[in-house]
Amino acid sequence: MDYGFETRACNDPAAEPSATGDVVRPLHLSTTFEMGPSSEGEYKYTRFGNPTRAAVESKLARLEGADHGLALSSGMAAISTVCFGLLSPGDHVVAFESLFGGTKAMFDDLLAGQGVEVTYVDATDAGNVASAMRPETRLVWVESPTNPLLRLCDVEAVAKVADEGDATLAVDNTFSTPAVQRPLELGADVAVYSTTKFLNGHSDSMGGAICTDDDALVEQFRFVQERGFGAVLAPFDCFLLQRGLKTLPLRMRRHQSNATAVAAFLADHPEVRTVHYPGLEGHPQHDLAAEQMDGYGGVVSFEVDADAAETRAFLEELEVFDVAVSLGGVESLIEHTASMSAGNLTDEERRAAGISESLVRAPIGLEDPDDLVADLEAALGKL
Ligand code: PLP
């Protein structure tokens, strides 16, 4: 039976039952498992498999509607595992130019060193992806919505392009989660996550995930994850992620309704130049968002009418928002992107990525939306 998303999140009747009948998945900290003649079981050594990890991997797959899920030690571990599992020297990648900075740095600093060339395109138009494809293109890599400018690409159209070129399409779906957008249903081959963000949802566990229906691909990824990088999610983080996933649908609804309230307030404020949020009718890809997503996500970014120092001073005035990088927890955070999450980029790289000195990124938490708006209103009033 195909249970609804919320049932699969909290108490999935189709999940493998716990051997001891626990309602809450037990935490197996053992790194090794008895292998005597009478006791050899499914598990040998935690890097190759652990019951707490198996339980959360199965839940990740069920939520994605995928055949396979892998739980890794960070979002970057998931991204690197996909790339190193798929690519060999001489291969070519087409990537959305608007990407999380860490992904771009890995492509430019590590993949390039392995003889893999990456072409960045404006993937808001799938035609640009098609024009960049080469016979040796093995991977197309996109985010939608992107970090931090909330740009979208038409995943279905990009999937067709990748398919025609015999390339794998991987979508970093961290901002949406499967509660809002399911890339495999849109034709992608692989969905990748930083579970550190909305999936775990409480800013207390670092992790990553890969979901796919492809039996051969998952074996390649598992080999790199377990035998190569050893980048498995630790049992305690699996336990926390399992717990966080139970409330994912509920949290995403509230993240979205709060983000909608904040974006609407900012869009009307005279000290705010631009608001980036796909839920706003003025967002250039609002119609695509409405079609491709179930909601618009919980992250808003905006530009204030101020220079870098004034923008930082505005952040310091906020009381409900915490000034911090990362996103997806129950608490609202805010950052000055140019000096914080994009602080490692050169001025030229930031300009090319569209990150101005007055850009602010605000992942919206679960607080009272009136308090969030009042906090922003008071701080903007001091600009
Ligand atoms: N993908 C996106 C879209 C992100 O925003 C991040 C981190 O901010 C990552 C991947 C990397 O995740 P992690 O920090 O868990 O390695």
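As the structure is a prediction and not an experimental result, all values here were calculated from the model.

Caption draft 1: Main features of the overall build of the chain. Along the backbone of the chain there are 13 helices and 12 strands. A globule of 383 residues ought to have a C-alpha radius of gyration of about 21 Å, and the chain, at 21 Å, matches this closely. The principal-axis extent of the C-alpha atoms belonging to the chain is close to 75 × 50 × 35 Å. In the chain, which comprises 383 residues, the share counted as buried stands at 53%. Excluding contacts between residues fewer than 6 apart, the proportion of contacts in the chain whose partners are at least 24 apart in sequence is 71%.

Caption draft 2: Quick look at a negative patch on the surface. Residues D67, D213, D214 and D215 make up a contiguous surface patch of negative charge. Mapped onto the secondary structure, D214 falls in the loop between β7 (208-212) and α7 (215-229). The exposure class assigned to D214 is partly exposed, which follows from its relative accessible area of 31%.

Caption draft 3: Structural detail: the environment of T46. The residue T46 is located in the loop between α1 (5-10) and α2 (51-64) in this model. Take T46: its relative accessible area is 11%, and that puts it in the buried class. Distance from T46 to T31, taken between C-alpha atoms, is 4.8 Å for residues 15 residues apart in sequence. What T46 contacts, discounting residues up to four positions off in sequence, is S30, T31, F33, R53 and P235.

Caption draft 4: Examining the sheet that holds β7 more closely. Spatially, the 7 strands line up as an open sheet ordered β1-β7-β6-β5-β4-β2-β3, and their pairing is mixed. Edge positions in the open sheet fall to β1 (68-72) and β3 (117-121), since each of these has one partner strand only. Each strand of the sheet is rotated relative to its neighbour by a mean of 20°, with strand direction disregarded. Note: strand β2 (residues 92-96) against β3, 5 bridges, orientation parallel. Residue pairing in the sheet places H92 in a bridge with E117 of β3. Its contacts with the sheet put α2 on β1, β6 (190-194) and β7, and the angle it makes with β1 is roughly 130°. Seen against the sheet, helix α6 (residues 155-164) touches β4 (137-143) and β5 (168-172) and runs at an angle of roughly 150° to β5.

Caption draft 5: Here's a closer look at the site of the ligand. Around the ligand sit 13 residues in total, of which G75, M76, D172, S194 and T196 are the nearest. Contacts to the ligand include N147, whose side-chain N or O atom sits 2.9 Å from an oxygen atom. No other element matches helix α3 (residues 75-86), which puts 3 residues into the shell around the ligand. Taken together, the residues of the shell around the ligand break down into 4 nonpolar, 7 polar and 2 charged.

Caption draft 6: Region of the structure containing the packing of helix α9 (residues 248-267) against helix α13 (residues 369-381). Here α9 crosses α13 at 30°, and the two axes come no closer than 9 Å. On the basis of their axis angle, the class for α9 and α13 is roughly parallel. Judged by the twist between their axes, the crossing of α9 over α13 is right-handed. Two secondary-structure elements touch here, α9 through R254, N258, A261, V262, F265 and L266 and α13 through P369, L372, V373, L376, E377 and L380. Classifying every residue of the contact of α9 with α13 by side-chain character gives 9 nonpolar, 1 polar and 2 charged.

Caption draft 7: Structural context of the pattern of salt bridges. Enumeration over the complete set of coordinates arrives at 17 salt bridges. In this structure, E57 and R53 form a salt bridge, with 3.7 Å as the shortest nitrogen-oxygen distance. Here E57 and its partner R53 are both found in helix α2, 4 residues apart, which amounts to about one turn of the helix. Looking at E57, the relative accessible area reads 11%, which means it is buried. As a salt-bridge pair, E185 and R182 come within 3.3 Å of each other at their nearest N and O atoms. Looking at R182, the relative accessible area reads 19%, which means it is buried. Here the residues in one salt-bridge network are R53, E57 and E226, joined through shared partners.

Caption draft 8: Layout of the environment of I210. Relative to the assigned elements, I210 resides in strand β7. Along the sequence, I210 and F302 sit 92 residues apart, while their C-alpha atoms lie 30 Å from each other.

Caption draft 9: Focus on the packing of α3 against α7. Viewed as axis vectors pointing N to C, α3 and α7 meet at an angle of 110°, and their least axial separation amounts to 9 Å. As summarised for this structure, α3 and α7 are arranged roughly perpendicular, according to the angle between their axes. Every pair of crossing elements has a handedness; the one defined by α3 and α7 is right-handed. Here S80, T81, V82, F84, G85 and L86 of α3 come into contact with α7, specifically with L217, Q220, F221, V224, Q225 and F229. Of the residues assigned to the contact of α3 with α7, the class counts are 7 nonpolar, 5 polar and no charged.

What counts and how
All residue numbers refer to position in the chain's written sequence, counted from 1. Local features in this predicted model are restricted to residues whose pLDDT is 70 or higher, and side-chain atom pairs enter the listing and the counts only when it is 80 or higher, whereas totals over whole chains, interfaces and linings include all residues. Side-chain metrics rest on all non-hydrogen atoms present in the structure, leaving aside hydrogens and water. A run of DSSP states H or I qualifies as a helix once it reaches four residues; a run of E qualifies as a strand once it reaches two. Both are numbered from the N-terminal end. Here the radius of gyration uses the C-alpha set of atoms, whereas the globule reference equals 2.2 Å times the residue count to the power 0.38. Exposure categories follow from relative accessible area, calculated using a 1.4 Å probe and restricted to protein chains: below 20% of the type maximum is buried, above 50% is exposed, and the middle band is partly exposed. The contact criterion used throughout is that any non-hydrogen atoms of two residues lie within 4.5 Å. Patches here are clusters of residues that have more than 30% relative accessible area and form no salt bridge, with a 9 Å joining cutoff for like charges and a 5 Å cutoff for nonpolar side chains (Val, Leu, Ile, Met, Phe, Trp, Tyr). Surface accessibility follows the Shrake-Rupley procedure with a 1.4 Å probe radius. Residue values consider only the protein chains on display as shielding. Only one rule defines a salt bridge in this text: a Lys or Arg side-chain nitrogen within 4 Å of an Asp or Glu carboxyl oxygen. Asp and Glu count as negative and Lys and Arg as positive, but His and the ends of the chain are not part of the count. Lysine's charge is taken at NZ, arginine's at CZ, aspartate's at CG and glutamate's at CD. Note on pairing: DSSP must find at least two bridges between two strands before they are called paired. Between N-to-C directions, angles span 0 to 180 degrees; the directions come from axes that are lines fitted to C-alpha atoms, helices contributing only their stretch in contact. Throughout, near means a residue has at least one heavy atom within 4 Å of the molecule or strand. Under the rule applied, a polar contact is a pair of N or O atoms within 3.5 Å (in protein, one hydrogen donor and one hydrogen acceptor; residues adjacent in sequence only if both atoms are side-chain atoms). Only Asp, Glu, Lys and Arg are considered charged, only Ala, Val, Leu, Ile, Met, Phe, Trp, Tyr, Cys and Pro nonpolar, and every remaining residue, Gly among them, polar. With respect to orientation, any angle under 35 degrees is reported as roughly parallel, any angle over 145 as roughly antiparallel, any angle of 65 to 115 as roughly perpendicular, and every other angle as oblique. Left-handed describes a crossing whose near helix is turned anticlockwise from the far helix by less than a right angle; the clockwise case is right-handed.

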